[in-house]
Amino acid sequence: MASAISLDTKSLKASPVYPPKITSVKALVESTDFSSLPSFYTFTHNLHDELISDDPEDSIPIIDISLLVSGTPEEQSQVIHQLNKACSDWGCFMVINHGVSESLTKAMIASFQEFFDLPEEEKEEFQGSHVMDPIRCGTGFNPSINKANLWRDFLKCVAHPEFHSPNKPAGFSEIALEFSKRNREVVTVLLKAISKSLGLEESYINKAANFELGLQLLAANYYPACPEPEKAIGIPSHYDHGLLTILVNNGVSGLQVKHKEKWFNVSIHPNTLFVQVADHLEILSNGKYKSIAHRALVNNRATRMSIALAHGPSLDTVIRPAPELADNESHPPAYVELTYREFLELQQTGKLRSKFRLNSEQSKAS
Ligand code: OGA
Ligand code: NI
């Protein structure tokens, strides 16, 4: 393992601000016994961000999706109403009775674990260099974020419209394909109900986002136990860029969402899918539903793994607010029109602020 990292661990003690080349946090922690955090992982938290809520009354909404498919008309409209409240108040919710079997989710988590356990040299083959590469693995160095490394390794695959996955470990591809398909079905049902919850025709979002050709990313995050977790970060606060993201994890918590200016710990139960509103649903809904800020903390007890499935529009469809939600003086269209591909490219090159919201007057003027 140690051979995979081109640094000698003694020099780490007096490590420079700029990090040496590290292929994964996993290899780094396995190569030596850390009692303190290497300095290039020190993350400066924004102190205004530190309010944590422990109010048990204020909890994340739960949606029983089976009622949308097989419930009475009354039950269906009740769930649609709950979705409206969940998306407008919170920007996230838990989904139960969703039909993605617990054994499939467990198999997916185990398969990702096996991928991360591959020798570093074998994983390197899948590193990729461009954000649009269909398979990419790596670790979190982002010089724009406080010059800190993120305490997190990842693997990302494009699962739709074309399915891509690494050819190892054995069985990974088959499980990943099945898992991506089942989760996509859940999102298809949710998008119909969410369209209705906005007062739009059931197929509105599906058509406006050209969801049949929509981009689906299957990503796993691997956060090893960290010697000084309060000084490091897995993923800093951000918004996801698609329409809806589904998240599951291995039973170790660490995800937080921002709600009413406070951070909430999210514990995702084994048979539950955690769903977040992402930027393109915010744009389509003209801001009625806002994407939710979230982040991943790390801990010193156990490795955490999460799987994030990002479901977005098709890359070449221009996304704009639904005219029905942007047709009067009090609700003018509040977002510029871009294809999803343009949005991603602007975001990746730092030309978008973390949340892209320009009113149309500003966009015309600029
Ligand atoms: C992400 C993400 C959170 C987590 O991958 O975009 O926000 O809990 N992950 O790992
Ligand atoms: Ni995210």
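Structural data are supplied above this passage.
Since we're looking at a predicted model, the values are computed, not measured.

> Describe the sheet that holds strand 9 (residues 262-265), listing the residues and the values that go with them.
Read from one edge to the other, the open sheet built from 4 strands follows the order 6-11-8-9, with strand pairing classed as antiparallel. Strands with a single pairing partner mark the edges of an open sheet, and in this sheet they are strand 6 (235-238) and strand 9. Within this sheet the neighbouring strands show an average axis-to-axis angle of 20°, counted without direction. By the bridge criterion, 3 bridges tie strand 8 (residues 255-259) to strand 11 (residues 294-296) in an arrangement that is antiparallel.

> Would you mind going over the site of ligand 1 in detail, with residue names and values included?
Inspection of the region around ligand 1 gives Asn221, Tyr223, Ile235, His238, Asp240, Leu247, Leu255, His294, Ala296, Arg304, Ser306 and Ala308 as its neighbouring residues. Residue serine 306 places a side-chain N or O atom 2.5 Å away from an oxygen atom belonging to ligand 1. Protein contact buries 92% of the 290 Å² of open area that ligand 1 shows by itself. Listed by contribution, the elements that provide at least two residues to the shell around ligand 1 are strand 5 (216-223), strand 6, strand 11 and strand 12 (304-311). A per-element tally of the shell around ligand 1 places strand 12 first, with 3 residues. In the shell around ligand 1, the residues fall into 6 nonpolar, 4 polar and 2 charged.

> Help me get a handle on the packing of aromatic side chains, residues and values and all.
Applying the stated criterion across every chain, the model contains 8 aromatic pairs. For the pair tryptophan 90 and phenylalanine 264, a centre-to-centre distance of 5.0 Å together with 80° between the ring planes defines the contact as edge-to-face. On the criterion of sequence distance, the pair formed by tryptophan 90 in helix 4 (residues 73-90) and phenylalanine 264 in strand 9 is long-range, its members being 174 residues apart. Assessed through its relative accessible area of 8%, tryptophan 90 is described here as buried. Here phenylalanine 116 and tyrosine 222 contribute two aromatic rings whose centre-to-centre distance is 4.9 Å and whose plane-to-plane angle is 40°, an arrangement assigned as tilted. On the criterion of sequence distance, the pair formed by phenylalanine 116 in helix 5 (residues 102-117) and tyrosine 222 in strand 5 is long-range, its members being 106 residues apart.

> Outline the coordination of the nickel ion (ligand 2), supporting the account with residue identities and numerical values.
Around the nickel ion (ligand 2), the donor atoms from the protein are His238 (NE2), Asp240 (OD) and His294 (NE2), and they sit 2.1 to 2.2 Å away. When the donors of the nickel ion (ligand 2) are listed by position in the chain, the intervening gaps give H-x1-D-x53-H. Remark: histidine 294 occurs in strand 11 and aspartate 240 occurs in the loop between strand 6 and strand 7 (244-249); sequence separation between them is 54 residues.

> Describe the pattern of salt bridges, with residues and values.
Scanning the model with the defined rule gives 14 salt bridges in all. For the salt bridge of lysine 168 with glutamate 122, the shortest nitrogen-to-oxygen distance reads 3.3 Å. Placement of the pair is lysine 168 in the loop between strand 4 (149-160) and helix 7 (172-197) and glutamate 122 in helix 6 (residues 120-124), with a sequence separation of 46 residues. The residue arginine 182 makes a salt bridge to glutamate 185 at a minimum N-O spacing of 2.8 Å. Highlighted residues: arginine 182 and glutamate 185, both in helix 7, separated by 3 residues, approximately one helical turn. For arginine 182, a relative accessible area of 24% corresponds to the partly exposed category. Among the residues examined, glutamate 185 registers a relative accessible area of 43% and is labelled partly exposed. Among the ionic contacts, a cluster of salt bridges with common partners joins Lys26, Glu30 and Asp117.

> Tell me about the side chain of serine 111, and please be specific about residues and values.
When you line up the elements, serine 111 lands in helix 5. Ignoring anything within four residues of it in the chain, the contact list for serine 111 reads Pro169, Gly171, Phe172 and Ile175.

Definitions and limits used
Starting from 1, residues in each chain are numbered consecutively following that chain's sequence as written. The order in which chains are written sets their letters, starting at A; the order in which ligands are written sets their numbers, starting at 1. Note on the predicted model: pLDDT of at least 70 is required for a residue's local features to be given, and 80 or more for side-chain atom pairs to be given and counted; whole-chain, interface and lining totals, by contrast, use all residues. Side-chain metrics rest on all non-hydrogen atoms present in the structure, leaving aside hydrogens and water. Paired strands, as defined in this entry, are two strands with at least two bridges between them according to DSSP. By the criteria applied, helices consist of DSSP H or I runs no shorter than four residues and strands consist of E runs no shorter than two, each listed in order from the N terminus. Between N-to-C directions, angles cover 0 to 180 degrees, with each direction set by a line fitted to C-alpha atoms, over the stretch in contact for helices. Here a residue counts as near a molecule or strand whenever at least one of its heavy atoms sits within 4 Å of it. In protein, a polar contact requires one atom able to donate a hydrogen and another able to accept it; more generally it is a pair of N or O atoms within 3.5 Å, and residues adjacent in sequence count only if both atoms are side-chain atoms. Per-residue accessibility takes into account occlusion by the displayed protein chains alone, with areas from the Shrake-Rupley method and a 1.4 Å probe. Side-chain classes follow a simple rule in which Ala, Val, Leu, Ile, Met, Phe, Trp, Tyr, Cys and Pro form the nonpolar group, Asp, Glu, Lys and Arg form the charged group, and the remainder, Gly included, forms the polar group. Geometry of aromatic contacts follows a simple scheme: Phe, Tyr and Trp rings, the Trp one being its six-membered ring, pair when their centres are within 6.5 Å, and the pair is stacked under 30 degrees between planes, edge-to-face over 60, tilted otherwise. The buried label applies to any residue whose accessible area, calculated with a 1.4 Å probe on protein chains only, is under 20% of its type's maximum; exposed applies above 50%, and partly exposed to all values in between. Donor atoms are limited to N, O and S found within 2.8 Å of the metal ion, a distance that becomes 3.2 Å for Na, K and Ca. With water left out, some sites might look partial. Basic side-chain nitrogens of Lys or Arg form a salt bridge, by our definition, when they fall within 4 Å of a carboxyl oxygen of Asp or Glu. Contact definition: two residues touch when any of their heavy atoms are within 4.5 Å.

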